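Breakdown of the fold
What follows is each chain in one-letter form.
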Amino acid sequence: MAGAGKERKCILSGEVMPAERLIRFVVGPEGQLVPDLAEKLPGRGIWLEARREALEKALKKGLFSRAARQKVEAPEDLGAQVGALLGRRALDSLSLARRAGVLVAGQERVFELIVKGKALAVIEARDAGADGKKRLRARLKALDQQDLPVVTGPDAEQFGLALGRTNVVHAALTDQRMKSKVLADLARWTTWEPVSGSGGKGSE
């Protein structure tokens with residue numbers, strides 16, 4: 001996983017933090033600011049915490065130009081571009097985990113893995129209905145597994161498309177390495193695009 005185990009300094013806060021909590025930017029040949037989520041583009045990396053408001057503040061203060069020691073241009077819709085890239089990366093990670101056989105979808109199958117102690121984390125659609133959420137947490141409580149991570153994922157339709165299904169509300173990860181990658185990619189996306197509104201999907 002790109003960035004795993006590394007720490008970098010955010011140009012806005014000055015805080016040193018794990019690279020998976022930040023986004024790497026580089027300056028292109030024409031002075032344009034380019035997000036580099038895969039951390040593979042050539043050039044000196046400029047690191048910023050993965051929050052939309054952090055990008056807005058850094059641009060307003062001219063911090064990218066200061067860090068690059070040159071004039072840097074950024075498109076007006078850069079925040080939306082980064083959000084779309086983060087979403088695509090997170091969905092690709094989910095799809096990869098499914099193809100590797102370490103992401104299992106469907107609430108009943110998730111419950112089976114929890115009972116067997118094989119679930120390392122549960123991903124819940126951001127628009128999951130109240131009934132589905134309540135049922136999952138009741139099951140975790142009954143099995144004394146309330147410490148099992150339950151993280152917010154894409155909406156049920158996006159979740160389903162990533163896994164080749166119609167709708168997915170719950171899925172479980174069963175591999176530690178893939179869990180780290182998927183959860184890091186989801187965390188950056190949901191931090192950039194916070195969940196809003198109430199859930200609406202009650203079944204799967």
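Here is a short report on the structure shown in this document. If you're wondering where the values come from, they're calculated on a predicted model, not measured in any experiment.

Analysis parameters
- Residues numbered from 1 in each chain as written.
- Predicted model: local features only at pLDDT ≥ 70, side-chain atom pairs only at ≥ 80, totals over all residues.
- Heavy atoms only, no water.
- Buried < 20%, exposed > 50% of the residue type's maximum accessible area, 1.4 Å probe, protein only.
- Helix = DSSP H or I, 4+ residues; strand = E, 2+ residues; numbered from the N terminus.
- Pairing = 2+ DSSP bridges.
- Phe/Tyr/Trp six-rings, centres within 6.5 Å; stacked < 30°, edge-to-face > 60°.
- Lys NZ or Arg CZ within 6 Å of the ring centre and 35° of its normal.
- Salt bridge = Lys/Arg side-chain N within 4 Å of Asp/Glu carboxyl O.

In the case of a regular strand, side chains alternate between the two sheet surfaces. Here strand E5 (residues 46-49) shows two buried faces, one formed by Ile46 and Leu48 and the other by Trp47 and Glu49. Bridge count between strand E3 (residues 22-27) and E5: four bridges; the pairing is antiparallel. Looking across to E5, one finds that Arg24 is bridged to Trp47.

As a further point, take the packing of aromatic side chains. Inspection of every chain in the model, using the stated rule, returns one aromatic pair. A centroid spacing of 5.2 Å and a plane angle of 65° characterise the contact between Phe25 and Phe64, whose relative ring orientation is edge-to-face. Of the two residues, Phe25 is situated in strand E3 and Phe64 in helix H2 (residues 63-68); the sequence distance between them amounts to 39 residues. Each member of the pair, Phe25 together with Phe64, is buried. The aromatic ring of Trp189 is capped on one face by Arg126, whose charged end is 5.1 Å from the ring centroid. Above the ring of Phe111, the side-chain terminus of Arg139 is found at 4.2 Å from the ring centroid.

The subject of this paragraph is the pattern of salt bridges. Once the charged atoms of two side chains with opposite charge are near each other, the side chains can pair. Scanning all chains against the criterion turns up 13 salt bridges. For Arg52, the salt bridge identified is with Glu193, shortest N-O distance 2.8 Å. Pair noted here: Arg52 is in helix H1 (residues 52-60) and Glu193 is in the segment after helix H7 (176-192), with a separation of 141 residues, a long-range link. Among the ionic pairs, Asp185 bridges to Arg188, the shortest N-O distance being 4.0 Å. Of the two residues, Asp185 and Arg188 are both situated in helix H7; the distance of three residues between them amounts to about one turn of the helix. Each of Arg21, Glu49, Arg51 and Glu53 takes part in salt bridges that share partners, so that together they form one network.

Burial along strand E9 (residues 170-173) is two-sided: the face carrying His170 and Ala172 and the face carrying Ala171 and Leu173 are both buried. Relative to E9, strand E6 (residues 103-105) runs antiparallel, the two sharing three bridges. Among the inter-strand pairings, Val104 is bridged to a residue of E9, identified as Ala172. Relative to E9, strand E7 (residues 121-124) runs antiparallel, the two being bridged by four bridges. The residue of E9 that forms the bridge with Val122 is Ala172.

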